[in-house]
Amino acid sequence: MSIVFSSLNHSLRVPLAAEIHSRPFLKLEAPELISHFAVYRAADNGSGAPVGHSHHATLGALCKHFGVSSPAGDAKYFFHDFGRFRLKWECHTEFSTYTFAGRPAQDVAGEQAFEQMPVTHLPQEWLLSLQGRLMVAAHVVLERGERLSDAQDTLQRIFEGNTLAGSQVMQGGELYTDFAIQSDGFSRFIIRDVGMRAQQAGRLVQRVLEIETYRMMALLGLPQAQQAAPALNAIESELVKLAGAMVQTDAAQADGGSVDGATEQALLGEITRLAARIEKLSLENSYRFSASKAYFRLVNARIEELREARIEGIPTVGEFMDRRLAPAMNTCEALSARQEALARRVANTNDLLRTRVGIIQEQQNRKILQSMNARAAQQLRLQQAVEGLSVAAISYYVVGLVGYSTKAAKVLGLVGNPEVVIGVMVPVVVAGVWLALRNMHKKLHTA
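Residues numbered from 1 in each chain as written. Predicted model: local features only at pLDDT ≥ 70, side-chain atom pairs only at ≥ 80, totals over all residues. Heavy atoms only, no water.

## Section: the sheet that holds strand β3 (residues 86-91)
Spatially, eight strands are ordered β2-β3-β4-β1-β5-β8-β7-β6 in an open sheet, and the strand pairing comes out mixed. The open sheet has two edge strands, β2 (77-81) and β6 (165-169), and neither has a second partner. Across this sheet, the average inter-strand angle for adjacent strands is 15°, counted without regard to direction. As defined by bridge partners, β3 adjoins strand β4 (residues 95-102) across six bridges and the pair is classed as antiparallel. Following the sheet pairing, Cys91 is matched in β4 by Ser96. Packed on one face of the sheet, helix α5 (residues 200-218) meets β1 (32-40), β3, β4, β5 (134-144), β6, β7 (173-177) and β8 (187-193) and runs near 155° to β5. (Pairing = 2+ DSSP bridges. Helix = DSSP H or I, 4+ residues; strand = E, 2+ residues; numbered from the N terminus. Axes fitted to C-alpha atoms, helices over the stretch in contact; angles between N-to-C directions. Contact = heavy atoms within 4.5 Å.)

## Observations concerning the packing of aromatic side chains
Taken as a whole, this structure holds 14 aromatic pairs when the rule is applied. Judged by centre distance (6.5 Å) and plane angle (70°), the rings of Phe95 and Tyr214 are edge-to-face. With a gap of 119 residues between them, Phe95 in strand β4 and Tyr214 in helix α5 connect regions that are remote in the sequence. For Phe95, a relative accessible area of 1% gives the class buried. With a relative accessible area of 9%, Tyr214 lands in the buried category. Between Phe179 and Phe189, the ring centres sit 5.8 Å apart and the planes meet at 85°, which makes this aromatic pair edge-to-face. You can see Phe179 sitting in the loop between β7 and β8 and its partner Phe189 sitting in strand β8, a full 10 residues away along the chain. Taken together, Phe37, Phe66, Phe82, Phe85, Tyr98, Phe100, Trp126 and Phe186 form an aromatic cluster joined through their ring pairs. The side chain of Arg188 reaches across the aromatic face of Phe114, ending 4.6 Å from its centre. (Phe/Tyr/Trp six-rings, centres within 6.5 Å; stacked < 30°, edge-to-face > 60°. Buried < 20%, exposed > 50% of the residue type's maximum accessible area, 1.4 Å probe, protein only. Lys NZ or Arg CZ within 6 Å of the ring centre and 35° of its normal.)

## Observations concerning the pattern of salt bridges
Scanning all chains against the criterion turns up 16 salt bridges. Across the pair Arg215 and Glu212 runs a salt bridge, and its minimum N-O distance is 2.9 Å. Of this pair, Arg215 and Glu212 both sit in helix α5, separated by three residues, roughly a single helical turn. Glu212 matches Arg215 in its accessibility class, with the two residues each being buried. Across the pair Glu319 and Arg310 runs a salt bridge whose closest N-O atoms are separated by 2.0 Å. On the basis of relative accessibility, which here comes to 28%, the residue Glu319 falls in the partly exposed class. The network of salt bridges with common partners includes Arg207, Glu210, Arg302 and Glu305. (Salt bridge = Lys/Arg side-chain N within 4 Å of Asp/Glu carboxyl O.)

## Concerning unusual backbone geometry
Between Ala30 and the following residue, Pro31, the backbone shows a cis peptide bond with an omega angle of 5°. Relative to the helices and strands, Pro31 resides in the loop between α1 (13-19) and β1. In this structure, Met170 takes a positive phi of about 50° despite not being glycine. For Met170, the position within the fold is in the loop between β6 and β7. In this structure, Arg307 takes a positive phi of about 55° despite not being glycine. Classification of Arg307 as partly exposed rests on a relative accessible area of 43%.

## Comments concerning the pairing of β1
For β1, a buried count of nine out of nine residues is recorded, marking the element as mostly surrounded by other parts of the structure. Residues Glu32, Ile34, His36, Ala38 and Tyr40 line one face of β1 and the alternating positions Leu33, Ser35, Phe37 and Val39 line the opposite face, and both faces are buried. The sheet contact formed by β1 and β5 spans eight bridges and is antiparallel. Across the sheet, Ala38 pairs through a bridge with Val136, a residue of β5. Sheet topology places β1 next to β4; eight bridges connect them, and they run antiparallel. Across the sheet, residue Leu33 finds its bridge partner in β4, namely Gly102.

## Some thoughts on the side chain of His139
Mapping His139 onto the fold places it in strand β5. Taking relative accessible area as the criterion, His139 reaches 2% and is therefore assigned buried. Within the structure, His139 has its side chain in polar contact with the side chain of Ser35 (distance 3.1 Å). Discounting chain neighbours no more than four positions away, the residues touching His139 are Ile34, Ser35, Phe114, Met117, Val119, Asp184, Phe186, Ser187, Arg188 and Phe189. (Polar contact = N/O pair within 3.5 Å; in protein donor to acceptor, adjacent residues only side chain to side chain.)

## Regarding the side chain of His92
You can see His92 is positioned in the loop between β3 and β4. A polar side-chain atom of His92 sits 3.2 Å from a polar atom in the side chain of Glu90. Leaving out residues up to four positions away in the same chain, His92 has contacts with Arg23, His55, Thr97 and Tyr214.

## Some words on the environment of Ala334
Its location among the elements puts Ala334 in helix α8 (residues 317-411). Between the C-alpha atom of Ala334 and that of Ala225, which follows or precedes it by 109 residues, the distance is 9.2 Å.

## Considering a nonpolar patch on the surface
On the surface, a cluster of nonpolar side chains totalling about 290 Å² of accessible area is made up of Ile368, Leu369 and Met372. Relative to the elements of secondary structure, Ile368 occurs in helix α8. (Patch = residues over 30% accessible without salt bridge, like charges linked within 9 Å, V, L, I, M, F, W, Y side chains within 5 Å. Areas by Shrake-Rupley, 256 points an atom, 1.4 Å probe, with all protein chains shown as cover.)

## Some thoughts on the environment of Thr177
Mapped onto the fold, Thr177 is located in strand β7. Remark: the alpha-carbon pair of Thr177 and Thr163, spanning 14 residues in sequence, is separated by 8.7 Å. Ignoring sequence-local partners within four residues, the contact set of Thr177 consists of Phe159, Thr163, Leu164, Ala165, Arg188 and Phe189. Side-chain polar atoms of Thr177 contact the backbone nitrogen of Phe179, separated by 3.2 Å. There is a polar contact of 2.8 Å between the side chain of Thr177 and the backbone oxygen of Arg188.

Take a look at the structure:
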């Protein structure tokens, strides 16, 4: 056909289709030795560099040491065979993982296998560059042979006497671990291939390492939960005191006492400060608690994928996590729920107090309006009194003008007795002035 279908694609079709294939598992076949690192993102040093930049810089330093081209800055996955080991690198939101796999130089098993791990081929300066950022360091021995369920003494030596967890997994393998950091700084896993199908070993190793990685990332929320608990206790205690003060003011008002607006304003200021504190605490912890919850779900999903079958005398991985990890996650979830509930209670108290302050302000405004009405009535009465005096004053001056006019008319012989004219004009002038002022008031009121 003449149409090139690639030109019809949405701009995101190809990258989205490739996303599902972007993190393939290693192809492993026993015997294999695997070293796994999970490197947390670099702390913010004020440089403004994105988090992903530190991940790629760390990988680039390792590739540079071995003379290998590092991936592009936006890469999320990298695989390369360095000869002595194979590296699978993945970049996640908060961390990046380095999985080194290699075959043993000779047929070794047990404790000797952990002495030949691929990590021994890594440069010391590169390992030192991970200072303070290493969240997970794990060794996995993938070996073929008979079941180890009866070799308890060997397992106890390998895991330094710690409590074991293990099970038959994926209908063809055995998994043993203690999820503890051993004396060499690594946690240890032994996987026995006693009948797994092709490529099944790679999937199993990846799931085991993801369980270990996501377990540690989920536990990052526990220290924050433990630190936030005292702060929540303090906020709850202060909220109880504020609620008690509100009840006391209500009781005082019910007994006939007056409510002081300044007291209510002070309570409102305190509840506002509490709301700010709980909001700050929520902003600091909400992301970490949500991330821990998501990682915990991933741990449970990977455990289900193992399809565990019990080995008598040893708890399964699922049981181990239910007993050790689940309580920590329950603590985080409970504190998160408590934090949200406390925020709602603070908000409800704040709304209630604001309503009370609003009612008090309305009462004060009503009193102010009443006093203004009283003053307006007084001013009206005073104005009416002044208007009476004004009528008398204006009439006096008008009558005086009439007197001057009649006296002038007498001189001209037009009027015989000016006093009579003045006496007659006094009531006429007073009535006229009063009517004129009344008409003026009517016009002002209707305007």
